[in-house]
Amino acid sequence: MSAAFTPHPAIPLLLAALAMPLLGANGRRVAALLGPALALVFLAVLPEGASWTLPLLGETLEPLRVGKLGRVFALAFAGYGLIASVYAWTETDAARKGFQMALCAGGVGVALAGDWISLFLFWELLTVCSLFIIWQGRDRAAGGAGNTALGAGLRYLLLHLGGGVCLLAGLLLQWRATGSLAVEAVALSGAGPWLLAIGLLTNAAAPPLHAWLPDAYPRATVFGSVFLSAFTTKAAVCVLARVLPGAEPLTWIGAGMTLYGVTFAVMENDMRRLLAYHIMSQVGYMVCAVGIGSTLALNGSAAHAFAHIFYKGLLMMSAGAVVHAVGTGRLSELGGLARALRPVLVLMLIGAFSISGVPPLNGFVSKALAVSAAGYEHRPVVELILLAASVGTFLSVGLKMPWLAFGPRADGKAAAARRPVPRSMLLAMGLAAAACVATGVFPGLLYSLLPYPMKYAPYTADHVVSSLQLLLATALVFLLLRGLLVAKSMRTLDVDTLYREPLARLVRGAGVLLERAQEAAGDVLEAILAAGGALRARVRGRALPTWAQALLLSMALVATAIAALWR
Amino acid sequence: MTRAGKPSRKLSPRAFVRRLRDARGKETALFAALLLLALVEWRFAPNAHPAFPWHRIPGYSALIGLLAASAFTVLTWLALKPLLQRPEEDPDEKEGASG
């Protein structure tokens, strides 16, 4: 296809983002639907291999290169963006809608970028948009966390700036080493690839660089969390799969992520924080599969990312609906909501069973690829870790969360649902649930999108039976030991404890320094003015020479400017 | 353990055995279903592509489920919660993550 007539799927999303301030409330709503819908149409019509090339300073940039792997992720990003826009139908704030659309554009752009410079720009667009969406969580009425969202945003920024610097340094080293800016697979050896890996793993929320995820995502508004849950981590998985397939350390990092995430989720009290830990855990499956590196594993990584975007979105929407209706997402304050929020419960259970790998939902057909790949590649420990993490997932999301939020409370009362859940929210959750069911019941829909040819049948008798055993055994333990899972109003320390206080001290120290600098500037200014007065007194009766007047004036101006800047 | 969300947090081995002994209804049904599935696996649906020796054992998935779920529940309750959980007294946290 000619470059001039090749539409970039990120463009309608960017245009929608830019148009938001110019439109009225209804116009914004329509633009938020049109942007992702047009992106989906563009993705459907673009042939494989379609690209944009731009010459820049002797290099060739490729902001668009349609490959099979990138297309799977871009389709999921655009499709989910459409559903999330339906969910956020009642939101009409221009800034919020604009950043949401730009976030979608960043995700689609990263998935389709063919060169490192374009990828880096879209990558940073993701960071900036996520940051502002987190900061918009200052609005408590919209389900945000109030002023704590500011600190969480700053911590998010700090970690992502670090990750971005690593990515930039890595791509520059790669550029110098290979002479090419094309995004291609590299071996994980040497400084460049390792810096790339660190930058990518920061966004994938690999421990110990993960704490931004459970810290920041739950503090955004209800709609903000729903958008945030889909893009940053999966964009990182997409780039990892393109750049570092088969990198052995990723296998173990991913396996560790699966266990780390579910362990913290089992302890967590806040619904959205619990789900944030599960993003980390599920992304662990994808990172692990990228590390295994076989075609089945890479297909598994892409399929699981696709499925994950929809079922995790559905879960985040369900949690958001509870927060919207009740005013809190703390499990210790919920309970007894089954009657008041029955549709939300049903839809949440579809998401919860999907993430747990219950047949015939999409998590079952996608997770199976990654776990089977570990078996086929003779990785017994990895397979056992992935199975154990699957158990923890069902325990915490499939059983604990719905039980504590919707099940009967000890006092026999029910948490009060103060507001009805808007129909637009329920419609979006229904669409996400339909995607989970459709790709689960008809796995060919999902498998046909995958980058590598494969023959895999998820619905074999032995696979279904062994999955049911795993799930029923977990349910049995839950029934016997659920008393130990009762949530209390506690906060769980994570690695961010190590840097939160020093960071706060640093900010406080910088504030004190700034204050002293302002005082010093004020003193300098006063001294200059006093000197001017003394000089004037000394030359009383005579006019100051012009050069002296100019000197005094310019000194006063500079000092005033410095003081103003400091202030 | 009560059914409605506020069971005893004390779990001595004796209490656990008593709970198992007193198990009724759902617990028994689940256990029976697990036995049935292991039987089905043994007779009709053995693992078609056993990669490891334990893939040939009927009911190995149930065993993994029982062990892993117990480990997650007991270890987090016994070791990680006391070690890592604190009252929500930090002002930054007190404002709440979910409104």
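In what follows, the structure referred to is the one given above.
Parameters at a glance
Residues numbered from 1 in each chain as written. Chains lettered and ligands numbered in written order. Predicted model: local features only at pLDDT ≥ 70, side-chain atom pairs only at ≥ 80, totals over all residues. Heavy atoms only, no water. Salt bridge = Lys/Arg side-chain N within 4 Å of Asp/Glu carboxyl O. Buried < 20%, exposed > 50% of the residue type's maximum accessible area, 1.4 Å probe, protein only. Helix = DSSP H or I, 4+ residues; strand = E, 2+ residues; numbered from the N terminus. Axes fitted to C-alpha atoms, helices over the stretch in contact; angles between N-to-C directions. Left-handed = near helix turned anticlockwise from the far one by under 90°. Contact = heavy atoms within 4.5 Å. Nonpolar A, V, L, I, M, F, W, Y, C, P; charged D, E, K, R; others polar. Polar contact = N/O pair within 3.5 Å; in protein donor to acceptor, adjacent residues only side chain to side chain. Pairing = 2+ DSSP bridges. Parallel < 35°, antiparallel > 145°, perpendicular 65-115°, else oblique.

Participant: Looking at this structure, I do not really get the pattern of salt bridges. What am I missing?
Facilitator: Here the idea is simple: oppositely charged side chains can pair when their charged atoms come close. Residue and element names in this part refer to chain A. Scanning the model with the defined rule gives 13 salt bridges over all chains in all. The salt bridge involving Glu 91 is made with Arg 96; its shortest N-O contact spans 3.3 Å. Looking at Arg 96, the relative accessible area reads 14%, which means it is buried. Close ionic contact of Asp 215 with Arg 155 constitutes a salt bridge, the shortest N to O distance being 2.6 Å. Here the residue Asp 215 occupies a position in helix α8 (residues 212–216), and Arg 155 occupies one in helix α6 (residues 148–178), the gap between them amounting to 60 residues. One exposure class covers both Asp 215 and Arg 155, and it is buried. Several salt bridges converge on common partners, so that one network encompasses Arg 155, Asp 215, Arg 219, Asp 496 and Arg 500.

Participant: Even after reading the chapter, I still don't get the packing of helix α15 (residues 380–406) of chain A against helix α3 (residues 60–84) of chain B, so can you show me in this structure?
Facilitator: Helix-helix packing: each pair is described by the crossing angle between the helix axes and the interaxial distance. Between α15(A) and α3(B), whose axes approach to 9 Å, the crossing angle comes to 65°. Our pair here, α15(A) against α3(B), has a crossing hand that is right-handed. Within the contact between the two elements, α15(A) uses Leu384(A), Leu387(A), Ala388(A), Val391(A), Gly392(A) and Leu395(A) and α3(B) uses Ile64(B), Gly65(B), Ala68(B), Ala69(B), Phe72(B) and Thr73(B). When its residues are assigned to classes, the contact of α15(A) with α3(B) shows 9 nonpolar, 3 polar and no charged.

Participant: Sorry if this is basic, but what is going on with the interface of chain B and chain A here?
Facilitator: How big an interface is tends to be stated in terms of the accessible area lost upon association of its parts. Counting residues at the interface gives 63 residues for chain B and 69 residues for chain A. In this assembly, chain B and chain A are joined by 0 salt bridges. If you look at where chain B meets chain A, you find 11 residue pairs in polar contact (both at pLDDT 80 or more). Those elements that place two or more of their residues in the side of chain B that touches chain A are α1 (13–22), α2 (26–43), α3, β1 (85–87) and α4 (91–94) of chain B. When grouped by side-chain class, the residues that make up the side of chain B that touches chain A number 32 nonpolar, 15 polar and 16 charged. Of the pairings in the sheet, the one linking strand β3 (residues 490–492) of chain A to β1(B) comprises 3 bridges and is antiparallel in character. By the bridge assignment, Arg491(A) is partnered in β1(B) with Arg86(B).

Participant: How should the packing of helix α10 (residues 248–267) of chain A against helix α11 (residues 271–292) of chain A be read in this particular structure?
Facilitator: All names here are of chain A. Where α10 meets α11, the closest approach of the two axes is 7 Å, and the angle between their N-to-C directions is 160°. Overall, the two elements α10 and α11 adopt an arrangement that is roughly antiparallel. Read as a crossing pair, α10 and α11 show a hand that is left-handed.

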